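# Structure at a glance
Given next are the chains, with one letter for each unit.
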Amino acid sequence: MQNNEVKKVVIAGGGTAGWVAAAALSKKLGQFVEVILVESDQIGTVGVGEATIPPMKVFHSLLGIDEQEFMAATEATFKLGISFKNWGQIGDHYIHPFGTTGQSSFLADFQHFWLHGKSKGINAEFGEYSFEIQAAKAGKFATSKNSSINYAYHLDATRYAQYLRQFSEKLGTKRIEGKIQLVQQHANGDIKALQLESGQVIDADLFIDCTGFAGLLIDKTLKTEYEDWSHWLPCNSAIAIQTESVGAAAPYVTCTAHHAGWQWHIPLQHRVGNGNVFCDKFMSDVEAKKHLLDNVQGAVLTEPRVIKYKTGRRKVFWNRNCVALGLSSGFVEPLESTSIYMFMNGIVRLMKIFPFNGVTKSSIDEYNQQSIAELENVRDFIILHYHATSREDSEFWRYCKNMQVPDSLSHRMELFRENALAFQGERELFRLESWTHVMLGQGIMPKHYHSIFKTMTDQELMGHLSNTRNTINTAVAKLPSHQDFVNHYCKAP
Ligand code: FAD
């Protein structure tokens, strides 16, 4: 490991990960380090990754990005959650929303109150106490300075990378177009420079590998091992197409399970992103393409594109003087739209422990430990959607239902099943409400719940539950339609 000051950073790759890294580095550390990004027009980007989660707003505000300008530039719409169809069993439907659900007390979260209400005969679903779910179902949306609605975006991935490119170049990021042919190393194994097909050599102190599934630096050069998670998440293929919009854009993503995976529907302003995620052991590429085309609405705008992947992660994300961000660092399928968030948080984490005075083992270890813990939490949450199912209609679902899951997930499921307990650990992305919505939505009904209800009479509890719903429904009724709001809010300047 070279123990030199880091004054020059080279980002290899200009997909969403590369430009997110460039935008953050040039905005926040541009006065201390030179930022160069190398990308190949000939290779292009993966071109998917269009659904996001709420922390993106925090990242944008860190960078000073104007929401209306960003939404106009990327044809974005608002997202209030994800609608899951056919996951617990065929015909099932639930929404995993952003935001809080009901009111919790210090001792017990809202599901305990709801479960007691249910035992007393209320027939309102858990989701009826979520403002975001009720707004999503009604196709409504509005945001204002005083609004507490929790949301994220659906965006056009190619336009987003272009938008961040402009943003970063204005702040001094130097972009070099060209194909990396060779990665040069120092005698000790650290990366020294990228050599392009043109012969140009670009050296740096720190390299960020954003070369996508190619993993040119972290994998091909540094041979960083990969931990395979396919036994827990067997889907290994995706086919993506874009279609014309039909009707108003919904403020949520739809993920519809099928016999060997699931299909996504992401509504943007100008089109819809669609894709089929599947396991090729149980569905051929030809069958997957047909299934996708048979289940989209609107004219097809692009050729179906097959993407192959192996779910898992690099054993380390930061190796020597190279940090992998995005697809080069590993991949967990996009069921909960987590990848963009992971590398946004990754670059922020890197900037917080930036090796100004040289790369050290302690910084590398800290970065890796935090990043791995975060990704493993995401992994468990995604596995939950497959494992907590009653589906037995195909070999794929029988496998998922009966597979061994990580102990960390079994523990959570048991806690919930036994006593309705959910939690969010330190540095975990998913809030306890997320776990609760998905566990209930997938059909895990707790046997017991907290005795907190004994502090209220049944009448008080019923009154409280019904007031909560009324307040939500009254507020939702006043919202404009999502499409009207987008039309008004996201006009190009
Ligand atoms: P890429 O977009 O592949 O970019 C790689 C870059 O490296 C390109 O610029 C390429 O030109 C360059 N490059 C590669 N080799 C060379 C070379 N030799 N020389 C020069 N340049 C080179 N994430 C979400 O958050 N939400 C989603 O809804 C979502 N959906 C997804 C659906 C699918 C099917 C897949 C596969 C992923 C999805 N993701 C999603 C993940 C998301 O798409 C990626 O995390 C994101 O696009 C970042 O990709 P990237 O920048 O790492 O790679």
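This one's a predicted model, so the numbers in the text were calculated from it and none came from an experiment.

Conventions and cut-offs
- Residues numbered from 1 in each chain as written.
- Predicted model: local features only at pLDDT ≥ 70, side-chain atom pairs only at ≥ 80, totals over all residues.
- Helix = DSSP H or I, 4+ residues; strand = E, 2+ residues; numbered from the N terminus.
- Rg over C-alpha atoms; globule rule 2.2 N^0.38 Å.
- Buried ≥ 20, exposed ≤ 12 C-beta atoms within 10 Å, placed from the backbone.
- Contact = placed C-beta atoms within 7 Å.
- Pairing = 2+ DSSP bridges.
- Near = placed C-beta within 6 Å.
- Nonpolar A, V, L, I, M, F, W, Y, C, P; charged D, E, K, R; others polar.
- Domains from an automatic or database assignment.
- Core = buried A, V, L, I, M, F, W, Y, C linked by C-beta atoms within 7 Å.
- Axes fitted to C-alpha atoms, helices over the stretch in contact; angles between N-to-C directions.
- Expected span 1.5 Å × (residues − 1).
- Arc of directions from axis to C-beta.
- UniProt positions renumbered as here; feature names shortened; annotations may be inferred.
- Parallel < 35°, antiparallel > 145°, perpendicular 65-115°, else oblique.
- Left-handed = near helix turned anticlockwise from the far one by under 90°.

Of regular secondary structure, the protein chain possesses 15 helices and 21 strands. The C-alpha radius of gyration computed for the protein chain amounts to 23 Å, which stays within 12% of the reference 23 Å derived for 493 residues, consistent with globular compactness. For the protein chain, the spread of C-alpha atoms along the three principal axes comes to 75 × 50 × 45 Å. Looking at the protein chain residue by residue over its 493 residues, the buried ones come to 46%. Across the protein chain, the fraction of contacts at a sequence separation of at least 24, relative to all contacts at a separation of at least 6, is 77%.

With antiparallel pairing, the 3 strands of this open sheet are ordered in space as β12-β18-β21. Among the strands making up the open sheet, the edge pair consists of β12 (226-228) and β21 (330-331). Across 3 bridges, the pairing between β12 and strand β18 (residues 312-314) is antiparallel. Looking at β18, one finds that Asp228 is bridged to Gly312.

Residues in close proximity to the ligand total 39 residues, the closest being Gly13, Gly15, Gly49, Gly212 and Gly326. Elements with a minimum of two residues in the shell around the ligand: α1 (16-28), β2 (34-39), β13 (237-243) and α9 (339-352). Counting residues per element, the shell around the ligand draws most heavily on α1, at 3 residues. Its residues placed into classes, the shell around the ligand shows 18 nonpolar, 18 polar and 3 charged. Each of domain 1 (8-50 + 156-228 + 312-359) and domain 2 (80-145 + 237-308 + 380-493) accounts for three or more of the residues forming the shell around the ligand.

On to the nonpolar core. By size, the foremost hydrophobic cluster in this structure holds 135 residues, and its most contacted members are Ala12, Val20 and Ala21. Excluding residues within four positions of it along the chain, Ala21 makes contact with Ile11, Ile208, Cys210, Leu325 and Ile347.

Reading across the sheet, the 3 strands line up as β8-β9-β10 and stay open at both edges, with antiparallel pairing between neighbours. The open sheet has two free edges, formed respectively by β8 (180-185) and β10 (201-203), since each of these has just one partner strand. Strand-to-strand twist across the sheet, computed as the mean angle between neighbouring axes with direction ignored, equals 25°. Relative to β10, strand β9 (residues 191-196) runs antiparallel, the two sharing 3 bridges. Its bridge partner lying in β10, Gln195 is registered against Val201.

This part takes up helix α6 (residues 157-170). The first and last C-alpha atoms of α6 sit 20 Å apart over 14 residues, in line with the 20 Å expected at 1.5 Å per residue. Those residues of α6 not exposed but buried are Ala157, Tyr160, Ala161, Tyr163, Leu164, Phe167 and Ser168. With its buried residues spanning 160° around the axis, α6 presents them on a single face. Projecting away from the buried face of α6 at angles above 90 degrees are the exposed residues Gln166 and Lys170. Buried residues belonging to α6 abut α1 and α3 (67-74).

This next bit is on the domain arrangement of the protein chain. Domain boundaries in the protein chain define domain 1 (8-50 + 156-228 + 312-359) and domain 2 (80-145 + 237-308 + 380-493). Of note, the centres of domain 1 and domain 2, computed from C-alpha atoms alone, are 32 Å apart. If you look at the interface, domain 1 gives 11 residues, while domain 2 gives 14 residues. Within the side of domain 1 that touches domain 2, the residues separate by chemical class into 5 nonpolar, 2 polar and 4 charged.

So, on to the UniProt feature "binding site: 7-chloro-L-tryptophan" (unreviewed entry) in the protein chain. UniProt records the feature "binding site: 7-chloro-L-tryptophan" (unreviewed entry) at Lys79, using the numbering of this structure. Look past the residues within four positions of Lys79 in its chain and what remains in contact with it is Ala51, Thr52, Tyr151, Ala152, Tyr153, His154, Pro251, Tyr252 and Val253.

Right, let's talk about the packing of α1 against α9 for a bit. Following both chains from N to C, one finds α1 and α9 inclined at 30°, their axes separated by 10 Å at the closest point. Here α1 lies roughly parallel to α9, going by the angle between them. Of the two elements, α1 crosses α9, and the hand of that crossing is right-handed. On α9, the residues that touch Thr16, Ala17, Val20, Ala21, Ala24 and Lys28 of α1 are Ile340, Phe343, Met344, Ile347, Val348 and Met351. In terms of residue class, the contact of α1 with α9 is built from 10 nonpolar, 1 polar and 1 charged.

The next point concerns helix α11 (residues 395-402). Along α11, the positions that sit buried rather than exposed are Phe396, Trp397 and Cys400. One side of α11 holds all its buried residues, which, seen down the axis, span an arc of 90°. Close packing links the buried residues of α11 with α10 (361-387).

The backbone of Arg320 sits at a positive phi, close to 55°, despite the residue not being glycine. Summarising the element assignment, Arg320 is placed in the loop between β19 (318-319) and β20 (322-324). The backbone of Ser337 shows a phi angle near 55°, a positive value even though the residue is not glycine. In this fold, Ser337 is placed in the loop between β21 and α9. Its 22 C-beta neighbours within 10 Å are what place Ser337 among the buried residues.

Right, let's get into the UniProt feature "binding site: L-tryptophan" (unreviewed entry) in the protein chain. Sites flagged by UniProt as "binding site: L-tryptophan" (unreviewed entry) map to Glu336. Examined against the element boundaries, Glu336 turns out to sit in the loop between β21 and α9. Those residues in contact with Glu336, other than ones at most four positions away along the chain, are Ile82, Phe381 and Ile382.

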